[in-house]
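Read off the chains here:
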Amino acid sequence: MKEINTGTSAFIFQDIDELSTVDKNLMEAAIQAAKNAYAPYSGFSVGAALLMDDNSIIIGNNQENAAYPSGMCAERVAIWKAGSSYPNKKVKKIAITAISSNKKLDKPVGPCGACRQTLLEYEVNQKEAMEIFFMGEIGNVVKANSIASLLPFSFDSSYL
Ligand code: THU
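Residues numbered from 1 in each chain as written. Predicted model: local features only at pLDDT ≥ 70, side-chain atom pairs only at ≥ 80, totals over all residues. Heavy atoms only, no water.

Asks: What is the right way to look at the sheet that holds strand S3 (residues 57-61) in this model?
Replies: Hydrogen bonds along the backbone pair up the strands of a sheet, which may run parallel or antiparallel. Reading across the sheet, the six strands line up as S1-S6-S5-S4-S2-S3 and stay open at both edges, with mixed pairing between neighbours. Strands with a single pairing partner mark the edges of an open sheet, and in this sheet they are strand S1 (10-13) and S3. Shown here is a sheet whose adjacent strand axes are inclined to one another by a mean of 15 degrees, direction ignored. With nine bridges joining them, strand S2 (residues 44-52) and strand S4 (residues 91-100) adopt antiparallel strand pairing. Across the sheet, Leu 50 pairs through a bridge with Ile 94, a residue of S4. (Pairing = 2+ DSSP bridges. Helix = DSSP H or I, 4+ residues; strand = E, 2+ residues; numbered from the N terminus. Axes fitted to C-alpha atoms, helices over the stretch in contact; angles between N-to-C directions.)

Next comes the structure, spelled out in structure tokens:
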């Protein structure tokens, strides 16, 4: 038996102002997207913004439903919007943030497991890593260099 390191490493930025201009701009698009979320049931509004390889930005936000499980997360709304409209464009980066009606979110809000899995599908297909940034309403921003790094021992099409 031996212990291995699954290789997850991340970077912590003090706040949004420590990001590069491009990355801050992307996070600001995610903030704007969160403001337009449809989250009347949870009061938890999430925004996601994708930077595509032609430097366009595609946004998504969570869309809830009175039949709760019929709702969808911001990240999947965004990646499916990109995948359905622009199947040949690659995603260079994704930024994610959230606003809660209950409290000021002061720690980074990472994507749920299902969204990580969904994003991974596109990362594997495009054969280029997507940088991922996530934050709360205020405070630190986490950056990871790929979706795969957030999902060790993941399942992908290579098994099928
Ligand atoms: N949500 C997202 O949009 N992304 C995530 O990664 C986690 C959760 C949404 C789903 C639901 O509308 C609300 O946040 C509370 O779970």
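Next comes the rest of the account.
Asks: Hey, could you run me through the environment of Ala 29 in this one?
Replies: Among the structural elements, Ala 29 can be located in helix H1 (residues 21-35). The class of Ala 29 is buried, set by a relative accessible area of 16%. Along the sequence, Ala 29 and Ile 59 sit 30 residues apart, while their C-alpha atoms lie 7.2 Å from each other. For Ala 29, the residues in contact, after removing those within four places along its chain, are Ala 49, Ile 57 and Ile 59. (Buried < 20%, exposed > 50% of the residue type's maximum accessible area, 1.4 Å probe, protein only. Contact = heavy atoms within 4.5 Å.)

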